[in-house]
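Structural features, examined
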Amino acid sequence: MLVALLAGLLPFVKMSLVVNGLVLASIIGLGAIGLTLIYGILNMANVAHGDYMTLGAYVALFFAGTLIPALGAEGGGIGPFTFGYPLLVAMPLSIAAVAAFAVAVDRLIYRRLRERGVNVVLVSMASLGVAIALRGLVQLIWSGDVQRLPRESREVWRLPMDVRVPPDSLFIAVVAIALVAATYLVLSRTKMGKAMRATADNPDLALVSGISTQRVIQWTWVMGAALAATAGVLLAVFQANIIPIMGWKFLIPLFAAVILGGVGSPYGALAGALIIGVTMEVSTQWINPSYKPAAAFALMLLVLLMRPRGLFGPRQ
Amino acid sequence: MALLEASEVVAGYGETEVLHGVSVVVDEGEVVTIIGPNGCGKSTLMKAVVGLVRVRSGGVAFRGAPIEGLPPERIVRTGLCYVPQTNNVFPSLTIRENLEMGAFVREGDYRTRMDEMFALFPDLTRQPNRRAGSLSGGQRQMLAIARALMLDPVLLLLDEPSAGLAPAMVSTVFERIREVNRAGVAVLLVEQNAWEALRMSDRGYLLVAGESRLEAAGRELLDDPDVARLYLGGRAT
Amino acid sequence: MDLLGIVDYLVGFAIMAGIYAVFALGLNVHWGFTGLFNIGIAGFFALGAYTAALLTTSSPDAAQFEDFAFAGNWSNLPLLDWGVDAWYVMGLAAAALCCGLVALPVGYVTLRLRDDYLAIATLGIAETVRLVFLNEKWLANGSKGLYRIPEFLGDVVSPGAYDYLYLPVVLVVLAVVFVAVQTAVRSPWGRVLRAIREDETAAAASGKDVFRFKLQAFVLGAMIMGVGGALFAHHVRFLAPITFDPLLATFVIWAMLMVGGSGNNWGAVLGAFVVWGIWSGTQFLPGPLGEPSFRLFMIGVLIVSVIVLRPGGMLGEERRTARGAPQAQAVGEG
C-alpha cells in the first residue's frame, strides 16, 4: 500500500530529487545490509555501525589524501569524477582495515560477553561504548574539523527532466550495485554465506548441525564492516566532506531501513534503504531539508505502528 | 559397551533444575523411546546430550568417550545427530541448502549422501529448490530428519517427530524412522505418540518429574497396566 | 587559586554533578531497573531544558531577537506571586510533562517490539528535538540560542553568588527525585520491573502486562530527565542546540550509571559525582590527555571496560533478599 502511495506521488515529484534519493539509498543500503546481517546473526543492534562507516571514510582519506600524495604518486582525475586514482586504491585498503578492526573488537569484547551468556541488550550497550571510543579515536587522529577528499573535477551532468547529477553519483551507484551483487552471490552460493543465513534463521539448529558459530560470526563482521567501510567512503564522496559525527548521524536512516525491511533480511534492508533514501530526498520538496533524518524516523515509526515486523518481514 | 550412556544427568535452565539425575542407555542399532508426561524433562534430556543445555553433574558418554561439556558443533562430529521438536529446519533456506547445512562439517563431497537422502525421502525430490519455510508439516519433518542424517550418524536423536502431524503423515514418519534404523542407525526417540513409538522400540524409559522411573522392553512398557493407564492415556492408535 | 576560588569551583562542580545525578537516576529507571536501552538521553535533556527556559524567559526584545517570537515569560506574571519562585517549580513540572508526552507515543509504538528498537527510537527523538530547536527560529532562536534565562528567585542575589543559592536547590530536587525513584523501585511496581528485566517471558507468563510496565517506566524515566534538563537551564542560563551534543548529554550519563552501578540508585548518584569529577579533573591534564577527543575516547573505553570487567560497577546492584527467598545464592550460579 505504501509503495502504491509512493508511486502515485511520483508525477508530482522533482525527478532530480528522486535520482538523488536513489544515490543516497545505495549508500544506506550498503550500511543497512551489513547492519541487518549482524542483527540477524548476532542478535545485537550494532550501534557502532555508523562509526565503522566513519572509520572507513577516514582511513580512505588517509590513503587517498595523505599517504599516496606523500609518496609522490600524483594520481590525477579519472574522467569527470571529483576523485582520482588514489581513492580507488584507498577503498580496498579501507575495507580491509575496518574489517580487521571489527573482527578484533568482536574478539576482544563481544565474544567475552557472549561466552558469559549476557543479555543481548548489554552487548548492544557495549557497542555504544565502542562507538564512543571509536569516534574519540578518529577525532584524536584526524581532529574534529571538516575534512575533504582531494577534488579533481567539478563537472555536472545535465540529464532530461531537469535532472542534474554530479558524475560521482554514477560511481556511487555502480559501486553499490556491484557490492550488493557480490553480497548476494556470497550469501546464496558459498558455504559460509549459506551458513550465515542458516545461523540467522535458527542459531540452535545451526549449532547442532555442526556449523561453527564462531566462524560464522567472524565472517559476518568481515562482511558487515566491509560494506560499512564502503558506505562510509561513498558517503564522503556524496556529501563531499568528512566529519567524525557523520556515521553516528547516519544511524537513523540505517536502522530505519533495517527495521522497514524486517530485521535479519538483507533483501528487505535493501528495499528499506530505497524507500528511506528516496523519502528523505523527496521530502525536501515540501519540508526544510535539514529535517531529512526526522522524515526517515517518522516513516519508521509509521511502519512499526502498522507492520511491527517490517514491510517485508513475516506476518504474524 | 553401550553406544550412548547418560548417567545421573542433572540439568536445567537458569535457576530451575529440570533433570534430577537421569540415566539412559542406547545400544548399537537399537530404537529406544522415552515417554513421560509433559514437562518431565524429555526434551531437556535430548538437549543436554547434544550440548545445547549444560550438564551440571553426571556424565554423557558416546562410544565410550565423555561428551558432556563439549560444544554442540563438536558433539555432532562424533556421529550423533539431533532433530529438535520445533524449528527444526532453516526456513529461509531451500531444501537443498538445508541438506547442505546438515553436511556442514563433512569433508569432501556431500552430493552422494544428498542423493541417498532424496532416495530415502522421495517427498523432498520434487522441488529441491523450494524454501523450507513453505513446506507442509510432514515434509518439514522429513527434511529435518534428512538434514540430521546428512552426516551419516550412528545415533539419531528425535524429539517428538510426530507432533502436530496429520494421522496419515504420522505413520509415514514412523515408517521412515524404521527404514533409517534398518540401515543400522540407532534411534533415541522422545514421543507423545507413545503406543506407536513403543511398538517399534527395543526398549523404553518412563521419565517422570525429571527422574527415570521405569526401564523395560518396548512391549513390556506397553503392556504394563499402570503405564498404560497413567501415561499412555489409553489412546490406542 | 585562592581558597574562595576553590570553593567557587567546588560549588559549580557540585551543581553540575547533582544535575547529572538526576539524569543518572532517570536512566537507572530505564536501564538499571527495566532494561530499556535509551541512547537518546540528549533529546529529553534538551526538551526539558528548553521547555523550562521558554516558559520562564521574558519576552524577546525585537532588536535582539529578529526571529524569536515566543516566550512564556511566566516569571513576570503576577498570578503566582507567593514570595517563593513558584514559576520555577511550574517550569520543572512542565519540563517533566513535555518529556512524558513525547515519550508516551514513541514508547507506545516501539516497546511492544524488540528491546533494541527503543534505542533507535530514542536516537530519533534526540535528533528530531535537536532539529526542531535548531530550525524553528521563532520557537527558540535557532542556533544562536536562548539567553537571559532567569535565575531561581529572579535577581535576588548577585550573579557571582548565584551558584551558592542554586546548589541547595539542585540538591533538594535531587533528594526528592532520589526518594521518589527509590520508593518506586522498592514498591511492588519496581519488583515487576526487575522481573521483566530478568525474564520477560516469565513475567508475562505470570500474568503481568509487560508492555504497560515498560511504558510506565519509560515515561517516568523520561520525565525525570526533563526535570534534569530544567535544572540545567536555570543553571547555565544559556541554551543552544549545540549544548546538547550526544557526548555531554548522553554518553557521559551512560558512563556515570555504568561506573556507579546500574540498578542501584546510590550507585547512580555516586557515578555522577565520580565521572563528572574525572571529566572535569582531566581537563587540567597536560597536552593531548586533556583534549576533548581523548576524553571522549576514554568515556567509551570506560563504558566497555565496566561491561566486560565489572558489570556491577562500583556499588553493584542492590540485592535485596526478600524474606525467606535465598536470592543471593543465585549470583554464584551461571
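Structural data are supplied above this passage.
A short tour of the structure in this document, coming up. (Residues numbered from 1 in each chain as written. Chains lettered and ligands numbered in written order. Predicted model: local features only at pLDDT ≥ 70, side-chain atom pairs only at ≥ 80, totals over all residues. Heavy atoms only, no water.)

What follows is about the nonpolar core. Among the nonpolar cores identified, the biggest contains 295 residues, and A:Tyr52 and C:Trp254 are the most heavily contacted of them. Per element, the largest residue contribution to this core is 17 residues, and it comes from helix 1 (residues 3–34) of chain C. In contact with C:Trp254, other than residues within four places in its own chain, are A:Met125, A:Leu128, C:Leu27, C:Trp31, C:Phe37, C:Asn38, C:Ile39, C:Ile41 and C:Ile303. Formed by eight residues, the second largest nonpolar core is a distinct cluster that contains B:Leu198, B:Val208, B:Leu221 and B:Val227. (Core = buried A, V, L, I, M, F, W, Y, C linked by side-chain atoms within 4.5 Å. Buried < 20%, exposed > 50% of the residue type's maximum accessible area, 1.4 Å probe, protein only. Helix = DSSP H or I, 4+ residues; strand = E, 2+ residues; numbered from the N terminus. Contact = heavy atoms within 4.5 Å.)

In terms of backbone geometry, most residues other than glycine have negative phi values and most peptide bonds are trans. Residues and elements named next belong to chain B. Of note in this structure, Asp-152 is not a glycine but carries a positive phi near 60 degrees. One can find Asp-152 in the loop between helix 5 (137–149) and strand 7 (155–159). Look at Asp-152 and you get partly exposed, because its relative accessible area is 44%. A positive phi angle is found at Glu-160, which is not glycine, with a value near 50 degrees. Mapped onto the fold, Glu-160 is located in the loop between strand 7 and helix 6 (167–182). The exposure class of Glu-160 is buried, given its relative accessible area of 6%.

Another point: helix 10 (residues 246–260) of chain C. All names here are of chain C. Look at helix 10: 20 Å from first C-alpha to last across 15 residues, which is about the 21 Å you get at 1.5 Å a residue. Remark: the principal bend of helix 10, roughly 25 degrees, maps to Val-252. Of all 15 residues in helix 10, 14 are buried; the element is thus mostly enclosed. Gly-261 lies just past helix 10 and shows a positive phi near 125 degrees. (Expected span 1.5 Å × (residues − 1). Bend = angle between axes of the 7 residues up to and from the residue.)

It is worth spelling out the interface of chain C and chain A at this point. Counting residues at the interface gives 43 residues for chain C, matched by 43 residues for chain A. When residues of chain C are sorted by the area they lose upon contact with chain A, C:Tyr117, C:Ile120 and C:Ile307 head the list and together hold 15% of the total. Between the two partners, chain C and chain A, sit one salt bridge. Two residues, A:Lys249 and C:Glu127, come together in a salt bridge whose shortest N-O distance is 3.1 Å. Linking chain C to chain A there are six residue pairs in polar contact (both at pLDDT 80 or more). For the side of chain C that touches chain A, the elements supplying multiple residues, two or more each, are helix 3 (86–110), helix 4 (117–135), helix 10 and helix 12 (292–309) of chain C. Partitioned by chemical class, the residues of the side of chain C that touches chain A number 28 nonpolar, seven polar and eight charged. (Buried area = accessible area lost by both parts, 1.4 Å probe. Salt bridge = Lys/Arg side-chain N within 4 Å of Asp/Glu carboxyl O. Polar contact = N/O pair within 3.5 Å; in protein donor to acceptor, adjacent residues only side chain to side chain. Nonpolar A, V, L, I, M, F, W, Y, C, P; charged D, E, K, R; others polar.)

All names here are of chain C. A surface patch of nonpolar side chains, amounting to about 800 Å² of accessible area, comprises Leu-3, Leu-4, Ile-6, Val-7, Tyr-9, Leu-10, Tyr-164 and Phe-284. If you tally residues by element for the nonpolar patch, the top one is helix 1, at six residues. Along the chain, Tyr-164 turns up in helix 6 (residues 162–186). (Patch = residues over 30% accessible without salt bridge, like charges linked within 9 Å, V, L, I, M, F, W, Y side chains within 5 Å. Areas by Shrake-Rupley, 256 points an atom, 1.4 Å probe, with all protein chains shown as cover.)

Turning to the pairing of strand 8 (residues 186–190) of chain B, a few remarks are in order. Residues and elements named next belong to chain B. Counting buried residues along strand 8, five of its five residues qualify, which places the element largely inside the surrounding structure. Of the two faces of strand 8, the one holding Ala-186, Leu-188 and Val-190 and the one holding Val-187 and Leu-189 are both buried throughout. Bridging between strand 3 (residues 31–35) and strand 8 involves four bridges; their strand directions are parallel. Its bridge partner lying in strand 8, Val-31 is registered against Val-187. Alignment of strand 7 against strand 8, held across five bridges, turns out to be parallel. Of the residues in strand 8, the one forming a bridge with Leu-156 is Val-187. Remark: the strand 7/helix 6/strand 8 crossover connection has right-handed handedness. (Pairing = 2+ DSSP bridges. Right-handed = clockwise from strand over helix to strand, strands pointing away.)

Turning next to the environment of B:Gly39. Residue position: B:Gly39 is located in the loop between strand 3 and helix 1 (42–50). Sequence separation of B:Gly39 and B:Pro122 is 83 residues, and the distance between their C-alpha atoms is 35 Å.

All names here are of chain B. For strand 7, a buried count of five out of five residues is recorded, marking the element as mostly surrounded by other parts of the structure. Neither face of strand 7 is open: one carries Leu-155, Leu-157 and Asp-159, the other Leu-156 and Leu-158, and all of them are buried. Pairing between strand 6 (residues 80–83) and strand 7: four bridges, direction parallel. When the bridges of strand 7 are listed, Tyr-82 appears paired with Leu-157.

Moving on to the sheet that holds strand 2 (residues 16–26) of chain B. Judged by pairing direction, the sheet is antiparallel, and its four strands sit side by side in the order 2-1-4-5 (chain B) without closing on themselves. The sheet terminates laterally at strand 2 and strand 5 (65–66) of chain B, the two strands that pair on one side only.

Moving on to the pattern of salt bridges. As a working rule, side chains carrying opposite charge can pair if their charged atoms are close by. This structure, assessed with the given rule, holds 17 salt bridges over all chains. With a shortest N-O distance of 3.7 Å, A:Arg111 and A:Glu115 are connected by a salt bridge. Residue A:Arg111 and its partner A:Glu115 are located together in helix 4 (residues 85–116), separated by four residues, close to a single helical turn. Note on A:Arg111: relative accessible area 23%, which makes it partly exposed. With a closest N to O distance of 3.0 Å, C:Lys214 and C:Glu200 form a salt bridge. Here C:Lys214 is found in helix 9 (residues 210–236), whereas its partner C:Glu200 is found in helix 8 (residues 200–205), with 14 residues between them in sequence.

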